[in-house]
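# Fold and contact review
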Amino acid sequence: MTNILTAQSVVKRFGGLTAVNTLTVEIPEKSIYSVIGPNGAGKTTFFNCITGFYQPEEGEIEFNGRSILGLTSDQISQRGISRTYQNIRLFSNLTTIENILVGQHALLKATLFGPIFGTAATKREEKEALAEAIRLLNFVGLAGKGDLLARNLPYGDQRRLEIGRALASKPKMLLLDEPTAGMNPHETEEMTRFIRRLRDELGITILLIEHDMRVVMGISEKITVLDYGEKIAEGTPKDIQGNQRVIEAYLGRGSAAHIPS
Amino acid sequence: MEHEPKTNWWWKAIQTGLIGGVVGVLVSLIGMVESFHERDIIAGQISMGETLLLLLIVLFSFFSSRGTADTPLLKRLGSGALTGISSAGLVAGLVLLGSAVNLRQVFVNASPNLYKILTFENENTTSASLVLIGAGAVIGSLTALLHIAPPLWRRAVISGITIAGLIALLQDLLRITLSPFPAIGESIAWMFGTKGEEGLSVSGAIVIFIIATAINYFSATRGEAVQRRIRALPSGTQKTLRWTSWGLIGAFLLIWPQIAGPYLSEVSNSIGLFILMGLGLNIVVGYAGLLDLGYVAFYALGAYTMAVFTTTGGEITFNIQWTFWEALPIAILGAVFAGVVLGIPVLKIRGDYLAIITLGFGEIIRIMFLSDFLKPHLGGSFGIVEIAPPTLDGLVLNTPQTLYYVILAGCLVALFVAYRLRDSRIGRAWKAIREDEDVAQAMGINLTATKLLAFATGAAFGGMSGAIFASKLSTVYPHSFVLLVSINVLALIIVGGMGSLPGVIVGALLLVGLPELLREFSEFRLLIYGVLLIVMMLNKPEGFLPEAVHKRELHDRDNINEPAGA
């Protein structure tokens, strides 16, 4: 299996703090890959480096064999990486369907004059975009809620919409930042199944940040554990569960307890 | 009760009333009451000045009645009355004080005339004060009663009073509008004061109030049923209905200057130029969320470009003498170019910082036009004169009534463009940037291009407005392009509703049209603006006509299989 994304010794500093320290991660294509670690371990910073929101000071990030360092986040999105956010960041005063239509932005071509003069090409494009948006709405389970303002959606639906919006750009790889945060066990299970479906049905590589160990151990093929910006372990869920350093990072040195599985 | 003064209802009511009283005293002492007194709301009975004080008492009694909601009826009535009494009491105090001490040395507007108004021309100030306080009590309790009434009735009565008041204020406008139909004009003549008196007649006021209240009541109770019935009509009939109403509005807009005459046409033209600017700024601020306080710069650039290219005055170095239509595209392109030039350095700047930078940009442009350095080319403070008016087929459009059509055409084009862009790919990208710039970029939106497009499109409308403005006045001076113009345009967008196209029109009518029609306002225009903006921000931050949610999933799905153009 080829790697869709490789991060080579990535370093990101904020002043004196090294948030990500010489991190090397290789993510195989069409895998479900998790990044875990205690709070403040640098997981989200790593995400931000991949999506171009931050520029790492050192290292190299390659996507599909080409460097994406120095690209802006819209260019990276156009290369095929899409993401969701830890604290949901929808366009809250737009409707559900408009959120998804914005996600399709880079796939559409209309500029100023097409819409103003109502050219046939623009009309066709809009119609197809709308049909695609409605299809996505159904796919993420929000059928019939397309005309609600995003901010009026219940929490779980907002999470789904964020994934729907991320899918609208037809990404090859999806970065999910704590997709089950704040969900009850039933919702979490549903979300886990949904994430697996994304990979199985759409063939999208999933990079996951997650705190819920049941989710992580349940769906990940490979896990990287971060602590203070450094990789302290890497492997299959089974490897990670038994890893002494991971247990120490989570529970403190000298603890005999095991992380929940 | 005395032991807990903070939770005490009557003390709260009095406090509210005192605030109202202070406002009342203030508007009296700055001369607002006196200058508003010159216009009657009900001929010979109630003037606008008195209405102002009355409304203040009503407003504050309403607040205190709202504050005591969920308490026994009597308490709410009492609290309304107390507020009314204390408000009126302060105003009465002003009367008593004024009769004892000469306040004029400090407050120029504390004239005998003011006391006459406040005492209803009663010589005896003591009894007048008592009458005033009594009136306060009555108004306060009536307001409380109105607040206690079921919301349906409350809304109906409030809208009845508002509409009667508006008709009284705008009766000149109404008379002129109805002038082509003398039969209607005569049949409703009894509603208005006789022989050129302003204001409604007493019977007219009552009838208008009853009709407006009834209409509001029925539209609130039956309106939905009527709408449902309209929606149940076959789509062909619905379409006819829609086109008929658009046709009527269009026909009215076309014949309006002929009915209105030169003065009202001139007012309409000012409104039109501000609508044009409002539509442009609405794209920048309302859609893309880029707070631009220097929008007047594009207006100025449009105006000066038009001036430079068409002037026949020979006072400046340029002697191009193009026609209006040749110069218009140049003026628009000039503004667009300036929009992009401004846009590039401020791309990375957000929010408050952007506002300050654009504010500076607006001033730079004005000072540049004013500068001695450019005086040979742009005329300095003398400006540029003899700018060509638009011509059409040999016809010179230099009267308000003919220029109206140029402005109307401009507004319609701008409205159409703004409407078409609103739900397009670019429009969505603008709104996404407004909502969350970082996420918008992560969704694949090129911030540079999208923001520059917003600046450029907005500038184009501003430039068009300025170009028409220049040839309307036939002269341009730097002092026509002060910061206040930017603030006016921004205020009309905020009052109308950010991002809303009908909001721009309503905002321009309210903030540009109304002050022109009510000459008493002119002196207090900024005060009223300020109060209006504060009240809007507190109570209706989304504006009078907020941006509508475009229903797409269910509505447009039905249209998906229809042929294009449906």
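Summary of the structure given here. Because the structure is a prediction, the values reported are computed rather than measured.

## Structural notes on the overall build of chain A
- The helix and strand inventory of chain A stands at 10 helices and 10 strands.
- The C-alpha atoms of chain A give a radius of gyration of 19 Å, which matches the 18 Å a tight globule of 261 residues would have.
- Considering only C-alpha atoms, chain A reaches an extent of 70 × 40 × 35 Å along its principal axes.
- Expressed as a percentage of contacts within chain A between residues at least 6 apart in sequence, the contacts between residues at least 24 apart total 65%.

## Digging into the overall build of chain B
- When you go through chain B residue by residue, the secondary structure sums to 23 helices and 4 strands.
- In terms of C-alpha radius of gyration, chain B reaches 27 Å, essentially the compact-globule figure of 24 Å for 566 residues.
- Along the three orthogonal principal directions, the C-alpha set of chain B runs to about 75 × 65 × 60 Å.
- When burial is assessed residue by residue, chain B has 44% of its 566 residues classed as buried.

## Re helix H21 (residues 501-517) of chain B
- Taking 1.5 Å of rise per residue, 17 residues should cover 24 Å, and H21 of chain B covers 23 Å from first to last C-alpha, within 8% of that figure.
- Structurally, H21 of chain B contributes buried residues whose contacts are with helix H11 (235-287), helix H16 (400-422), helix H20 (483-496) and helix H22 (525-539) of chain B.

## Overview of the packing of helix H3 (residues 48-67) of chain B against helix H6 (residues 125-148) of chain B
All names here are of chain B.
- The geometry of H3 relative to H6 is characterised by a closest axis approach of 8 Å and an angle of 50° between their N-to-C directions. Between H3 and H6, the angle falls in the class oblique. Taken as a pair, H3 and H6 cross one another with a handedness that is right-handed. Seen from H3, the contacting residues are Leu-54, Ile-57, Val-58, Ser-61, Phe-62, Ser-65 and Arg-66; seen from H6, they are Gly-136, Ile-139, Gly-140, Thr-143, Ala-144 and His-147.
- Residues that form the contact of H3 with H6 fall into these classes: 6 nonpolar, 6 polar and 1 charged.

## A word on the sheet that holds strand E2 (residues 17-28) of chain A
Residues and elements named next belong to chain A.
- Judged by pairing direction, the sheet is antiparallel, and its 4 strands sit side by side in the order E2-E1-E4-E5 without closing on themselves. Looking along the sheet, the strands with just one partner apiece sit at the ends: E2 and strand E5 (66-67).
- As paired elements, strand E1 (residues 3-14) and E2 share 8 bridges and run antiparallel to each other. Among the inter-strand pairings, Asn-3 is bridged to a residue of E2, identified as Pro-28.
- Against the sheet, helix H1 (residues 43-50) contacts E1, E2 and strand E4 (58-63), and its axis sits at roughly 65° relative to E2.

## Regarding the interface of chain A and chain B
- Opposite the 40 residues of chain A that make contact, chain B presents 31 residues.
- Where the side of chain A that touches chain B is concerned, the elements lending two or more residues are helix H2 (73-79), helix H3 (96-103), helix H4 (113-117) and helix H5 (120-139) of chain A.
- The leading source of residues in the side of chain A that touches chain B is H5 of chain A, at 7 residues.
- Considering only residue class, the side of chain A that touches chain B consists of 18 nonpolar, 14 polar and 8 charged.

## Some thoughts on helix H7 (residues 151-169) of chain B
Residues and elements named next belong to chain B.
- With 19 residues, H7 should cover 27 Å at 1.5 Å per step; its first-to-last C-alpha distance of 26 Å lies within 8% of that length.
- Residues of H7 that are buried: Ala-156, Gly-160, Ala-164, Gly-165, Ile-167, Ala-168 and Leu-169.
- Buried residues belonging to H7 abut strand E1 (40-42), helix H8 (171-178) and helix H10 (202-232).

## Comments concerning the sheet that holds strand E6 (residues 81-83) of chain A
All names here are of chain A.
- Judged by pairing direction, the sheet is mixed, and its 6 strands sit side by side in the order E6-E7-E8-E3-E9-E10 without closing on themselves. At either margin of the open sheet sits one strand with a lone partner, and together these are E6 and strand E10 (230-235). On average, each strand axis in the sheet is inclined to that of its neighbour by 20°, with strand direction left out of account.
- Direction of pairing for strand E3 (residues 32-36) relative to strand E9 (residues 222-227): parallel, over a ladder of 4 bridges.

## Topic: the pairing of E9 of chain A
All names here are of chain A.
- Judged from the 5 bridges that link them, E9 and E10 form a sheet pairing that is antiparallel. Each bridged residue has a counterpart across the sheet, and for Thr-224 the counterpart in E10 is Glu-234.
- The loop that links E9 with its antiparallel partner E10 comprises 2 residues; one of these, Tyr-228, has a positive phi angle of about 50°.

## Some points on the nonpolar core
- Counting residues in hydrophobic clusters, the biggest one holds 165 residues, and the most contacted among them are Ala-133 and Ile-206 of chain A together with Ala-300, Ala-303, Ala-467 and Leu-492 of chain B.
- Listed in part, the 50 residues of the second largest apolar core include Ala-13, Phe-60, Ala-81 and Ala-128 of chain B.

## Thoughts on the packing of helix H1 (residues 9-29) of chain B against H3 of chain B
All names here are of chain B.
- Remark: H1 packs on H3, axes separated minimally by 9 Å, with the N-to-C direction vectors making an angle of 160°. Classified by the angle their axes make, H1 and H3 are roughly antiparallel. By crossing handedness, the relation of H1 to H3 is classed as right-handed. Contacts from Lys-12, Ala-13, Thr-16, Gly-17, Ile-19, Gly-20, Val-23, Gly-24 and Val-27 in H1 reach Leu-52, Leu-53, Leu-56, Ile-57, Leu-59, Phe-60, Phe-63, Ser-64 and Gly-67 in H3.
- Here the contact of H1 with H3 is composed, by residue class, of 11 nonpolar, 6 polar and 1 charged.

## Considerations on the environment of Ile-357 of chain B
Residues and elements named next belong to chain B.
- Locating Ile-357 in the fold gives a position in helix H14 (residues 351-370).
- As a C-alpha pair, Ile-357 and Arg-231 span 126 residues in sequence and 49 Å in three-dimensional space.
- Setting aside residues no more than four positions away along its own chain, Ile-357 makes contact with Val-346 and Ile-349.

## What about the pairing of strand E8 (residues 205-209) of chain A?
Residues and elements named next belong to chain A.
- A large share of E8 lies buried, amounting to 5 of its 5 residues.
- Across 4 bridges, E3 lies against E8 in parallel orientation. By the bridge assignment, Ser-34 is partnered in E8 with Leu-208.
- With 5 bridges connecting them, strand E7 (residues 173-177) and E8 associate as parallel partners. The residue of E8 that forms the bridge with Leu-174 is Ile-206.
- Tracing the backbone out of E7, into helix H7 (residues 185-202) and back to the parallel element E8 gives a crossover that is right-handed.

## Some thoughts on the environment of Gly-70 of chain A
- Its location among the elements puts Gly-70 of chain A in the loop between E5 and H2.
- On the basis of neighbour counts, which here come to 9 C-beta atoms within 10 Å, the residue Gly-70 of chain A falls in the exposed class.

Conventions we followed
- Residues numbered from 1 in each chain as written.
- Chains lettered and ligands numbered in written order.
- Predicted model: local features only at pLDDT ≥ 70, side-chain atom pairs only at ≥ 80, totals over all residues.
- Helix = DSSP H or I, 4+ residues; strand = E, 2+ residues; numbered from the N terminus.
- Rg over C-alpha atoms; globule rule 2.2 N^0.38 Å.
- Contact = placed C-beta atoms within 7 Å.
- Buried ≥ 20, exposed ≤ 12 C-beta atoms within 10 Å, placed from the backbone.
- Expected span 1.5 Å × (residues − 1).
- Axes fitted to C-alpha atoms, helices over the stretch in contact; angles between N-to-C directions.
- Parallel < 35°, antiparallel > 145°, perpendicular 65-115°, else oblique.
- Left-handed = near helix turned anticlockwise from the far one by under 90°.
- Nonpolar A, V, L, I, M, F, W, Y, C, P; charged D, E, K, R; others polar.
- Pairing = 2+ DSSP bridges.
- Core = buried A, V, L, I, M, F, W, Y, C linked by C-beta atoms within 7 Å.
- Right-handed = clockwise from strand over helix to strand, strands pointing away.

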